[in-house]
Amino acid sequence: MGGRVHEALAAARLVDHHCHGVVTGALDRPGFESLLTEGAAWPGISTFDSPVGVAVRRHCAPLLDLPRHAPPEAYLARRAELGPHEVNRRFLSAAGTDVFCVDTGYAPDRITSPGELAGIAGGTAYEVVRLESVAEAVAARGVEPHAYADTFRAAALDAVGRPDVVAVKSVAAYRTGFDLAPERPSEAEVTRAAADWLARGGRLADPVLVRHLLWTAVDLGLPLQLHTGFGDSDIRMHRVDPTHLTDWLHLTAGTIPVLLLHCWPYQRQAAYLAAVFEQVYLDVGLTLHFVGPARSRAILAEALEITPFRKLLYSSDAYGVAEFHLLGALSFRQGLASLLQERVDADELSLPDALRIAAWTSGDNARRLYGLPAPSPSHQASATAHPPSPESMI
Amino acid sequence: MGGRVHEALAAARLVDHHCHGVVTGALDRPGFESLLTEGAAWPGISTFDSPVGVAVRRHCAPLLDLPRHAPPEAYLARRAELGPHEVNRRFLSAAGTDVFCVDTGYAPDRITSPGELAGIAGGTAYEVVRLESVAEAVAARGVEPHAYADTFRAAALDAVGRPDVVAVKSVAAYRTGFDLAPERPSEAEVTRAAADWLARGGRLADPVLVRHLLWTAVDLGLPLQLHTGFGDSDIRMHRVDPTHLTDWLHLTAGTIPVLLLHCWPYQRQAAYLAAVFEQVYLDVGLTLHFVGPARSRAILAEALEITPFRKLLYSSDAYGVAEFHLLGALSFRQGLASLLQERVDADELSLPDALRIAAWTSGDNARRLYGLPAPSPSHQASATAHPPSPESMI
Amino acid sequence: MGGRVHEALAAARLVDHHCHGVVTGALDRPGFESLLTEGAAWPGISTFDSPVGVAVRRHCAPLLDLPRHAPPEAYLARRAELGPHEVNRRFLSAAGTDVFCVDTGYAPDRITSPGELAGIAGGTAYEVVRLESVAEAVAARGVEPHAYADTFRAAALDAVGRPDVVAVKSVAAYRTGFDLAPERPSEAEVTRAAADWLARGGRLADPVLVRHLLWTAVDLGLPLQLHTGFGDSDIRMHRVDPTHLTDWLHLTAGTIPVLLLHCWPYQRQAAYLAAVFEQVYLDVGLTLHFVGPARSRAILAEALEITPFRKLLYSSDAYGVAEFHLLGALSFRQGLASLLQERVDADELSLPDALRIAAWTSGDNARRLYGLPAPSPSHQASATAHPPSPESMI
């Protein structure tokens, strides 16, 4: 595991362009095990008995002063003993992340705000606005169907007008999948669909309203993050192959950047889109900590088969437990370093090129895309920040 | 190839939770070549010139007292010289399988019964009832459309009431694929579809009746094995992505275990389902001997990226030639050992954890799921067995 | 990288069964960068910053007397200095390709004819007729809708009657994808669809006419090459999974060979079809140079998991820049050699078998399929050739 690329990636300060907060309270075993999976915690099967559980015991236990591969009982006991604040501090510091772009739209648990998260890590926080949450808040406040489109747009503009917002996000993948008509729906269609939804209630999952949401994102002018592939059992995986977006990408070419998040098992399909559409970028977040450092290189190798090197970003998609912030970072560093170093050793890639690719993907690509300031030499960071105004904001 | 994990997996007594019998008579070259493929034997192309053919010549020839990589002619001559009984004995003994769960619903050739198969191997046999065969037998005996549902259910209950039955199986993948409406069809729908089918004849391939069959499996209460992915040219591969079953899995959550068999090239999609649905399990049988020990590790690595370790089972899906019983076992042992040992060597996995994963996947997971008795210390085994009554049997 | 398999594949004279000509004029940086990608050249992102760009700088620069990993500026300056003829000569000679089967239906740039291409390389050229181009030429010349079918068939017969034509090709993947009704359309359907298309103009993209084109290929009796998978942004990737062709392959079994080109990311799906349909063959051209020698082995390993060894062919699918003819050949040689040599070293494959597989896939399979003459011992070759008349020609 030696070599200059490993050293560079081990030392790199990361931009995590998509993540969530961590739980601030104490976690008992069921609570921790439940956060350890995209499924549920099932009786008789410990979620520790999985690739991510093995990775936690291997890589996180030492940060709690335990031996590598400590058993779950010892791990949880020590975690409880240290308390949530100290545990979060240790993992977030060790992750080596300077910048956190935090999706604030999903928080069934009491979790840290972006500022709190970055504060613990000594980094800087930006916010990613989840558009479905904005739309559902509009519905919850009450709106007439014919006013839905304008009210949602105004609420979205308001949300992205906050000084630390750098992107919007959609979970269309969870709601309808990507097999949607590509065109912007008409006003009449939106009003009709809004009438149905507002009468029925529940989550925004109407195909017309999801399309309208994606087109509203285009109007907002900020980069759009799209959940893609792996997630919980709400996903219908065969409907979230991102190449279903091809017609929509043609129609929206020249407008906003589109960030395909996670992508597994469709990392090759995402790479194809990133290779042929100027506006498409991807990451393999979430997957990285679920497969762990033992397998992250294989996923990254597929993601990078044809992807232009300015198109891959780093994200953890960590949620709930700070272990995932650490594991995502570690899996990315080790997987990418192993991949690049082997190519350098085989003289398939020059060392300077490998170091450039490492720097681009660990942070520069995200900084360029979101218009974030260059890292300060001393890694001094504050817990909040003001990004530059996107020029394309309407 | 050294190391403790290799030793443990080489010595493990396997539970093959899905396989078939072997041909009892002599096989000429066309007969053998035809069984060596999921396609057909084609003029001018020997099926030996394929990954599985290479694996047979490499790993099976020595068990016939031939050098490694013996040519096909020598292989078949020696096979004929020894005779089918001795050939079957050698491969089945060498496979190291203790328990065979045998799908008895597919037998175009004269093959061994479950008891005969296990008897040759010195193991124990259980039976897996193929529901399409039960339904087609009901149709063949003659039934009125309005009585089809009850008669099929009674016949299925009768079939699974035999003392050695541990599971049912469906080949819905071959008949309609998985892109089916998820709900249980109404009585009227079933009667109408049965009327059409019974008038038309042929295999059960009507979407309503296939859905009805899957829901009947839920009523039976036994684990359901589902052919998934790779098979012969009757498969429409794009329709057998198991994630098409997601809605049905939501509707049937809390009822029966669902075993996704084979899965390639959808092993990642199957792993996703196993990670988010409590009732879903998978194997990569069939694929293992078709790709051979040289490639089984890569398939297992994908299958295990996110799969909880209690969710992967071993099967050979061997049919016809006893070589496949050996090769499936060998590909599993070597592929998994190579994967786990490398992680142990890299200190990504502890040795005790690796040994537990090896023990679970080689047999314990299947024993737990099917309620099979623990292995006897001396590996004494009889050719038939009585499993415990499933509690959920109706 | 030593070993007998590496030596054999390094020395093999290749049959490139699907490629295109190279640009004959000088290329400025935008022109070269644009040809370096299946996307477009985008402002602010150099196409050199991609896997294929890295591979060009690593493997092509030395042939221009530059150091490995030369920077893009130096590379393009030296390329301009040598001039297109010398550059093309160097790369085409170094590719080691004896036979070029050239798709002449795509030439937005001024590129070499098949004879010119082969002449530069000291090899032999054959032609592949792109049927969409034939149909579009028929439309451009003017035809009545009811005469379209006969006129297209006559024009296609005329095109394939040229002495050097060995195959036809369809880009149905780009026009409709493969999710088509499998049956031959009726005369009335074709006339109706032709009336619409001829009135509307543009590319042939009507599903009925694309089906008619594929069935016309069956009538022509020559091998049919089908673009599959990876391509530019006209592709809707989820519609070009080749297993959508399964019903059509059943209907056309026993007629013409079908060559699945490129295939990535569907190389496993293509391998499945090649394993179960006698008439199906595949290659992983295009992908090979886009991923480069550092990753070609991984793609070939997936393509070969279950593919019979007489079913894999070599192609470069190079277009425009002669670098791709070299890189395709190099990626194939190194990737396959690495794969086979490792199996030989692990005694999973005998050396004679490895050498046979190398010889088959580098040329013998293509020669057998297209009825090409055996290579002359001295590798003397002429720039044109007359293949034997296909027996099945109507």
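Scroll up to find the structure.
Conventions used here
- Residues numbered from 1 in each chain as written.
- Chains lettered and ligands numbered in written order.
- Predicted model: local features only at pLDDT ≥ 70, side-chain atom pairs only at ≥ 80, totals over all residues.
- Heavy atoms only, no water.
- Helix = DSSP H or I, 4+ residues; strand = E, 2+ residues; numbered from the N terminus.
- Rg over C-alpha atoms; globule rule 2.2 N^0.38 Å.
- Buried < 20%, exposed > 50% of the residue type's maximum accessible area, 1.4 Å probe, protein only.
- Contact = heavy atoms within 4.5 Å.
- Areas by Shrake-Rupley, 256 points an atom, 1.4 Å probe, with all protein chains shown as cover.
- Axes fitted to C-alpha atoms, helices over the stretch in contact; angles between N-to-C directions.
- Parallel < 35°, antiparallel > 145°, perpendicular 65-115°, else oblique.
- Left-handed = near helix turned anticlockwise from the far one by under 90°.
- Nonpolar A, V, L, I, M, F, W, Y, C, P; charged D, E, K, R; others polar.
- 1 Å grid on protein atoms, 1.4 Å probe; cavity = no way out; pocket = protein on both sides within 12 Å on 5 of 7 lines; lining within 4 Å.
- Points joined across faces, edges and corners; volume = space filled by probe spheres on them.
- Pairing = 2+ DSSP bridges.
- Salt bridge = Lys/Arg side-chain N within 4 Å of Asp/Glu carboxyl O.
- Polar contact = N/O pair within 3.5 Å; in protein donor to acceptor, adjacent residues only side chain to side chain.

*Asks:* I would appreciate a short explanation of the overall build of chain A in the present structure.
*Replies:* Tallying secondary structure elements over chain A gives 17 helices and 7 strands in all. For a compact globule of 394 residues, the expected C-alpha radius of gyration is about 21 Å, and chain A comes in at 21 Å, within 12% of that figure. If one aligns the C-alpha atoms of chain A with their principal axes, the spans along those axes are about 60 × 50 × 40 Å. Across the 394 residues in chain A, those meeting the buried criterion constitute 64%. Counting contacts in chain A only where the partners sit at least 6 residues apart, residues at least 24 apart contribute 77% of the total. Summing over all exposed atoms, chain A offers an accessible surface of approximately 12,900 Å²; the carbon and sulfur share of this is 52%.

*Asks:* Please explain the packing of helix H15 (residues 322–345) of chain C against helix H16 (residues 351–370) of chain C as it appears in this structure.
*Replies:* Two quantities define a packed helix pair, namely the angle between the helix axes and the distance between the axes. Residue and element names in this part refer to chain C. At a minimum axis separation of 10 Å, H15 and H16 run at an interaxial angle of 160 degrees. Taken as axis vectors, H15 and H16 run roughly antiparallel relative to one another. Pair H15 / H16 crosses with right-handed handedness. Across the interface between the two elements, Phe332, Leu336, Leu340 and Val344 of H15 pack against Leu351, Ala354, Ile357, Ala358, Thr361 and Ser362 of H16. Residue composition of the contact of H15 with H16, grouped by class: 8 nonpolar, 2 polar and no charged.

*Asks:* Explanation requested: the layout of surface pockets in the structure shown.
*Replies:* If a probe the size of a water molecule is rolled over the atoms, the empty space left behind becomes visible. In this model, the largest pocket occupies a volume close to 2,100 Å³. Lining the largest pocket we find 49 residues, and of these Arg297(A), Glu342(A), Arg297(B), Glu342(B) and Arg297(C) sit closest to its centre. For the lining of the largest pocket, the elements supplying multiple residues, two or more each, are helix H15 (296–303) and helix H16 (322–345) of chain A, helix H15 (296–303) and helix H16 (322–345) of chain B together with helix H14 (293–303) and H15 of chain C. With 7 residues, the single largest contributor to the lining of the largest pocket is H14(C). Counted as a void, the second largest pocket has a volume near 1,100 Å³.

*Asks:* Just to check I follow, could you spell out the pairing of strand E4 (residues 165–170) of chain C for this structure?
*Replies:* The two faces of a sheet get side chains in turn, since along a regular strand they alternate between them. Residue and element names in this part refer to chain C. Counting buried residues along E4, 6 of its 6 residues qualify, which places the element largely inside the surrounding structure. Bridge count between strand E3 (residues 124–130) and E4: 4 bridges; the pairing is parallel. Within E4, the residue paired with valine 129 across the bridge is valine 168. As defined by bridge partners, E4 adjoins strand E5 (residues 224–228) across 3 bridges and the pair is classed as parallel. Within E5, the position partnered with serine 170 by the bridge is leucine 226.

*Asks:* Hey, could you run me through the interface of chain A and chain C in this one?
*Replies:* A common measure of how large an interface is: the accessible area buried when the components associate. On the chain C side, the residues contacting the 33 residues of chain A number 38 residues. Counting the contacts that link chain A with chain C gives 6 salt bridges. Of the charged contacts, one joins Arg268(A) and Glu302(C) as a salt bridge, the two residues approaching to 2.8 Å between their closest N and O atoms. There are 17 residue pairs in polar contact (both at pLDDT 80 or more) connecting chain A and chain C. Considering each element in turn, the side of chain A that touches chain C owes the most residues, 6 residues, to helix H13 (residues 267–276) of chain A. Across the side of chain A that touches chain C, the residue classes tally to 12 nonpolar, 7 polar and 14 charged.

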